[in-house]
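# Structural characterization, general
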Amino acid sequence: MSKIGIFGAGYVGLVTGAGFAALGHDVTIREIVPERVDELQAGRLPIYEPGLDKLFEQNRERLQFTTAPEEAVEGAEAVFVCVGTPATYSGDADLSAVWTVLDDLQGIASDTVLVMKSTVPVGTGDRVRAALDTRGLNEVSYVSNPEFLAEGSATHDFMNPDRIVIGSDDEAAGDVVEELHAKLDATVVRMDVASAEMVKLAANAFLATRISFINEIANVCELVGADVDEVARGIGLDHRLGPHFLRAGIGFGGSCFPKDVSFLKLLAGNSGYHFQLVNAVIEVNELQKRRVVSKLQKHLGQLAGKRIALLGLAFKPNTDDMREAPSIVLASRLLAEGAEVRGWDPVARPGGLLTGVALCDTVLDAVRDADAAVIVTEWDELRELASPEVRDAMRNPLIVDGRNLLDPKAVEQLGFSYEGIGRASSPFSGLPETAEPERKPA
Ligand code: UGA
């Protein structure tokens, strides 16, 4: 078993660290925020991720936390970079945390492999190689090993990967990283560094494209009287297409898709190529969030003074992550229309991100005297939303289901008005009645 150093105790660093510990490796996670290290040492996780607490508990003896970079580097066979690479104002990746890690590698043994897990633009490998050389670390090898962990199922994704992508220009270094994963039953794909970097961006952009595609199909379904959920089922059974990422809704959010699609667009643009498709994916996603506002207006008219409950605030269920959550855009649009906005989420605590929104502890509090309830995130707790209790608590029993979570007919039977996304039973869907064309007399 090997010793592994991890830089960064965010989602990726913590899940990767716990995962490698579960595979039997000794892991030291280095984090720059001392309070975070204190929390972790005291056995408390700073993020909500299902299953992660159990993985930590079971592998405590193989997990160390420190603020000292030399402790993570010392004796490590591989050092994983798991730091954030947020977008800058220009939309490009901010790699400053990556460069800080390189500055912190003093004492690294020459046979250690530096592994990039963070999502970075294609070409970063070359820049890191040059930066290592400048620091006199010519012997340290470099490998790109992108992560494919989805929040909410990240521990499962680590232990059951569809594939492990290893990009290296040095075969022995790639072998080291492959060996670290030996206990996992997964296909290992070896390639050069730039291609591995591109796999990550292309995979996320392709998934995002599927979402924007099905969302546009949903919007057309509303105009022609079809039901997007049925359409997605019919599409997904084609083995060449598959059923995944065909859930229509109010668009994708999170720390990855919006950022990575924009990285790809800019990477192409900076290289002289206009990537039309990803531009459309981004635009469709932006507009999709706003369609909820027009759905509310169709039912309620002017939204000024209307009370709207946003149910589910995190960007997806089973996470407390609010980054690029559609709820933020929606809340801000509704507030701009003069609506009174109330919010509920079982886990996320949005703080300043939802300034002006009254946060409620229960769904019932959020919907009390509301003119509409909007399902923004498909938390399991919301499956039972359509109840007589909720209906009676609302001023106007309207549900706008931004995730097609509920059964429209059952909801309507309970006396609610219902609006989904691209669903046939919507009162606003269906072609207008057209008269028989007049026949000309012979
Ligand atoms: C995504 C990828 O799924 C991971 O493979 C990748 O490793 C990760 O980004 C990353 O780059 O780190 P994540 O953003 O955690 O993971 O969550 P997803 O489950 O992919 O969902 C992203 C967004 O798409 C959410 O807002 C979700 O509600 C939305 N979505 C997803 C849909 O609107 N429809 C769908 O059918 C699926």
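Predicted model only: the values in this text are computed from it and were never measured.

Parameters at a glance
Residues numbered from 1 in each chain as written. Predicted model: local features only at pLDDT ≥ 70, side-chain atom pairs only at ≥ 80, totals over all residues. Heavy atoms only, no water. Core = buried A, V, L, I, M, F, W, Y, C linked by side-chain atoms within 4.5 Å. Buried < 20%, exposed > 50% of the residue type's maximum accessible area, 1.4 Å probe, protein only. Salt bridge = Lys/Arg side-chain N within 4 Å of Asp/Glu carboxyl O. pLDDT = per-residue confidence, 0-100. Contact = heavy atoms within 4.5 Å. Axes fitted to C-alpha atoms, helices over the stretch in contact; angles between N-to-C directions. Helix = DSSP H or I, 4+ residues; strand = E, 2+ residues; numbered from the N terminus. Parallel < 35°, antiparallel > 145°, perpendicular 65-115°, else oblique. Left-handed = near helix turned anticlockwise from the far one by under 90°. Pairing = 2+ DSSP bridges. Right-handed = clockwise from strand over helix to strand, strands pointing away. Near = heavy atom within 4 Å. Polar contact = N/O pair within 3.5 Å; in protein donor to acceptor, adjacent residues only side chain to side chain. Areas by Shrake-Rupley, 256 points an atom, 1.4 Å probe, with all protein chains shown as cover. Nonpolar A, V, L, I, M, F, W, Y, C, P; charged D, E, K, R; others polar. Patch = residues over 30% accessible without salt bridge, like charges linked within 9 Å, V, L, I, M, F, W, Y side chains within 5 Å.

## Notes on the nonpolar core
- Among the nonpolar cores identified, the biggest contains 57 residues, and Leu 296, Leu 310, Leu 311 and Leu 334 are the most heavily contacted of them.
- Within the second largest apolar cluster, 36 residues are counted, among which are Val 83, Leu 95, Val 128 and Leu 137.

## Things to note about the pattern of salt bridges
- One pass over the full model with this rule turns up 28 salt bridges.
- Between Glu 61 and Arg 62 there is a salt bridge whose closest N-O contact spans 3.1 Å.
- One salt bridge connects Asp 260 with Lys 259, and the closest N-O pair in it is separated by 3.9 Å. When sorted by exposure, Asp 260 lands in the same class as Lys 259, which is buried.
- Because the salt bridges share partners, they merge into one network encompassing Glu 222, Arg 291, Lys 295 and Glu 419.

## Considering the confidence of the model for the protein chain
- Looking at the protein chain, the pLDDT average stands at 94 and 96% of residues meet or exceed 70.
- Of the regions scoring below 50 in pLDDT, residues 428-435 engages in 13 contacts with residues more than four places distant in sequence or in other chains.

## Re the packing of helix 9 (residues 193-224) against helix 12 (residues 276-300)
- Running from amino to carboxyl end, helix 9 crosses helix 12 at an angle of 45 degrees, the nearest separation of the two axes being 9 Å. By the angle between their axes, helix 9 is oblique relative to helix 12. For the pair helix 9 and helix 12, the crossing hand works out as left-handed. Along its contact with helix 9, which presents Ala 205, Ala 208, Thr 209, Ser 212, Asn 215, Glu 216, Asn 219 and Glu 222, the element helix 12 presents Leu 277, Val 278, Val 281, Val 284, Asn 285, Gln 288, Arg 291 and Lys 295.

## Brief notes about the pairing of strand 8 (residues 187-191)
- Summarising the sheet, strand 7 (residues 163-168) and strand 8 pair through five bridges and their orientation is parallel. Opposite Val 165, over in strand 8, you have Val 189 as the bridge partner.
- At this point the chain moves from strand 7, through helix 8 (residues 171-180), to the parallel strand 8, and the crossover so formed is right-handed.

## Details of the site of the ligand
- Neighbouring residues of the ligand: 19 residues in total, closest Glu 147, Glu 151, Lys 200, Asn 204 and Lys 316.
- With respect to the ligand, the backbone of Arg 247 contributes an N or O atom lying 2.9 Å from an oxygen atom.
- Contact distances for the ligand include 2.9 Å between an oxygen atom and a backbone N or O atom of Gly 253.
- Contact with the protein chains covers 94% of the free accessible surface of the ligand, which is 710 Å².
- Contributions of two or more residues to the shell around the ligand are made by helix 9 and helix 11 (257-270).
- Top contributing element to the shell around the ligand by residue count: helix 9, with three residues.
- Broken down by class, the residue content of the shell around the ligand amounts to 10 nonpolar, two polar and seven charged.

## Observations concerning a nonpolar patch on the surface
- Taken together, the side chains of Val 220, Leu 223 and Val 224 define a hydrophobic patch exposed on the protein surface, amounting to about 280 Å² of accessible area.
- Mapped onto the elements of the fold, Val 224 is located in helix 9.

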